[in-house]
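Residue-level listing of the chains:
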Amino acid sequence: MRKRIYLSPPHMSGNEQKYINEAFESNWIAPLGPNVDSFEQEMASYTGSGGAVALSSGTAAIHLALKLLGIKRNDYVFCSSLTFVASANPIVYEGANPIFIDSEPETWNMSPEALKSAFNDAETNNQLPKAVIVVNLYGQSARMDEISTICEHYNVPIIEDAAESLGSSYKGKKSGTFGHFGIYSFNGNKIISTSGGGMLVSDHIDLLEKARFLATQARDAAPYYEHSQTGYNYRLSNLLAGVGRAQLEVLEDRVQTRREIFLRYEDALCNLPGIELMPELTSTRSNRWLTAMTIDKQKFGLGAGELIGLLEKENIEARHVWKPLHMQPLFKHAAFYSHHVEEVVSEDLFNRGICLPSGSAMTIDEQMFIIDCIVSAAVSGKAAG
Ligand SMILES: *Cc1c(COP(=O)(O)O)cnc(C)c1O
């Protein structure tokens, strides 16, 4: 059996050990410590945010962002539908109600049209949301100008879920810096990884201070342990922050490599019948975290599920595009706004979408093997059809 080719495995640079050793030598094994402070400063400076708070996960970062914006039981929060469940779970932690917004075809991200209809109804019903969570899927930025204009009109803050888009930019500005808060993830499969971890960024320094307080059990300023609010244990450990620092040093390399991987796929696959690669919106630069494409069964001869199965037989891990959250059993009672009355873009992307192995440590030979498998599937698929 050939060695398995994973979708997006961690890719260490070799420098991580240096920061981990520093932590060991100074016995900073606790959460907090010099690596945490430095990692936060380096992330703030890389993204151009006012400040950053290192946390145990991207999910924790979204949760704290919602708390800091005062989201409470029975409030409404708008959220992209085509995303990983972690974008919306923290809404449920707070007892608030998610309302899901469809994608639009050019970014696969939140449709400004659908967002407008959701706001129209919310205004009519006197139920404006307390926040809008905008996701940048697979590294592609959402249409932030249009979305920001709509949200500003209603004076509703944005949380930018940039878990997948660290290193991407929109009109020259770093992805994750467009909202009231931005969040990043350093989970094992993300473009850079600390095995697990996240970051909350914002220009609202006072709120970031409050995030630090909430993330360390909300301990009041007293000579003993005194608490007047419920807090969390959400800080990143000083060891993992060391891994993060070394990973951040190679982020630009990683983006470059993933973009090259995308281009090789595009060159080889874009002329196959029924295949379309995920577009990149003009004046945005995607980190191409995952190469994603749609496949038209009529033209290609195989559907997304069949191609994934075929690649699996060759020990290649490809995956469906996220199943939209409005289609999840977990959210069956949540409201949903589609891009057009008769066009649900996210469902179509889910039905036809596939993510290809895109890890920055993948060799060219491995990628060529994946490409060969897809090309021969197209040929045999057509012959069969
Ligand atoms: C990975 C991911 C998250 C969650 O990040 P964790 O660090 O795994 O908690 C949130 N949103 C999106 C879009 C993600 O891909």
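Predicted model only: the values in this text are computed from it and were never measured.

Rules of the game
- Residues numbered from 1 in each chain as written.
- Predicted model: local features only at pLDDT ≥ 70, side-chain atom pairs only at ≥ 80, totals over all residues.
- Heavy atoms only, no water.
- Helix = DSSP H or I, 4+ residues; strand = E, 2+ residues; numbered from the N terminus.
- Expected span 1.5 Å × (residues − 1).
- Buried < 20%, exposed > 50% of the residue type's maximum accessible area, 1.4 Å probe, protein only.
- Contact = heavy atoms within 4.5 Å.
- Axes fitted to C-alpha atoms, helices over the stretch in contact; angles between N-to-C directions.
- Left-handed = near helix turned anticlockwise from the far one by under 90°.
- Nonpolar A, V, L, I, M, F, W, Y, C, P; charged D, E, K, R; others polar.
- Pairing = 2+ DSSP bridges.
- Disulfide = S-S within 2.5 Å.
- UniProt positions renumbered as here; feature names shortened; annotations may be inferred.
- Domains from an automatic or database assignment.
- Buried area = accessible area lost by both parts, 1.4 Å probe.
- Salt bridge = Lys/Arg side-chain N within 4 Å of Asp/Glu carboxyl O.

## Some points on helix α8 (residues 238-249)
In this model, α8 (twelve residues) spans 17 Å end to end at C-alpha, consistent with the 16 Å of a helix rising 1.5 Å per residue. Of all twelve residues in α8, nine are buried; the element is thus mostly enclosed. Looking at α8, one finds that the buried residues are Asn238, Ala241, Gly242, Val243, Gly244, Arg245, Ala246, Gln247 and Leu248. Buried residues belonging to α8 abut α1 (16-25), α2 (34-47) and α9 (251-269).

## Brief notes about the packing of α2 against α8
With their axes 8 Å apart at the nearest point, α2 and α8 run at an angle of 35° to one another. Along this stretch, α2 crosses α8, giving a crossing that reads as left-handed. Contacts from Pro34, Asn35, Val36, Ser38, Phe39, Glu42, Met43 and Tyr46 in α2 reach Asn238, Ala241, Gly242, Gly244, Arg245 and Leu248 in α8. Of the residues assigned to the contact of α2 with α8, the class counts are seven nonpolar, five polar and two charged.

## Observations concerning α2
With 14 residues, α2 should reach 20 Å at 1.5 Å per residue; the first-to-last C-alpha distance of 20 Å fits that figure. Every buried residue of α2 is accounted for by Asn35, Val36, Ser38, Phe39, Glu40, Met43, Ala44, Tyr46 and Thr47. Following α2 by one or two positions, Gly48 has its phi on the positive side, about 80°.

## Re the pairing of strand β3 (residues 97-101)
For β3, the buried fraction is high: four of the five residues fall into the buried class. Pairing between strand β2 (residues 76-80) and β3: five bridges, direction parallel. Counted as the bridge partner of Val77 is Pro98 from β3. In terms of strand pairing, β3 meets strand β14 (residues 335-337) through three bridges, oriented parallel. Residue Ile101 lies in a different strand from β14, and its bridge partner there is Tyr337.

## Points about the sheet that holds strand β9 (residues 198-202)
In space, the eight strands of this open sheet follow the order β1-β9-β8-β5-β4-β2-β3-β14, with mixed pairing throughout. The open sheet has two edge strands with one neighbour each: β1 (51-55) and β14. Here the strands of the sheet are splayed against their neighbours by 20° on average, with no regard to which way each runs. Taken together, the three bridges between β2 and strand β4 (residues 131-135) define a ladder with parallel strand orientation. Counted as the bridge partner of Cys79 is Ile133 from β4. Strand contacts of helix α6 (residues 144-154): β4 and β5 (158-161), with the helix running at about 155° to β5, the strand carrying the most contacts. Those strands touched by helix α7 (residues 205-215) are β1, β8 (181-185) and β9, and its axis lies near 15° from that of β1.

## Section: the state of the cysteines
Scanning the model with the defined rule gives zero disulfides in all. Left unpaired, Cys151 is separated from the closest cysteine sulfur, that of Cys79, by 12 Å. Summary of cysteine pairing: Cys373 is not part of a disulfide, and the nearest cysteine sulfur, belonging to Cys355, is at 17 Å. Take Cys373: its relative accessible area is 8%, and that puts it in the buried class.

## A short note on the UniProt feature "active site" (unreviewed entry) in the protein chain
Under the local residue numbering, the UniProt record ascribes the feature "active site" (unreviewed entry) to Lys190. Residue position: Lys190 is located in the loop between β8 and β9. For Lys190, a relative accessible area of 10% corresponds to the buried category. With sequence-adjacent residues up to four places away left out, Lys190 is seen in contact with Ala163, Glu164, Ser185, Arg258 and Trp289.

## A short note on the domain arrangement of the protein chain
Looking at the protein chain, the domain boundaries give domain 1 (16-250) and domain 2 (252-384). Once you take the C-alpha centre of each, domain 1 and domain 2 turn out to be 26 Å apart. Each partner contributes residues to the interface: domain 1 has 48 residues there, and domain 2 has 40 residues. Taking both partners together, domain 1 and domain 2 bury about 3,900 Å²; carbon and sulfur atoms supply 63% of that area. Our count for the domain 1 to domain 2 interface comes out at zero salt bridges.

## Here we look at unusual backbone geometry
In the Ramachandran plot, Gln217 falls in the positive-phi region, its phi being about 70° despite a non-glycine side chain. Mapped onto the fold, Gln217 is located in the loop between α7 and α8. For Gln217, a relative accessible area of 41% puts it in the partly exposed group.

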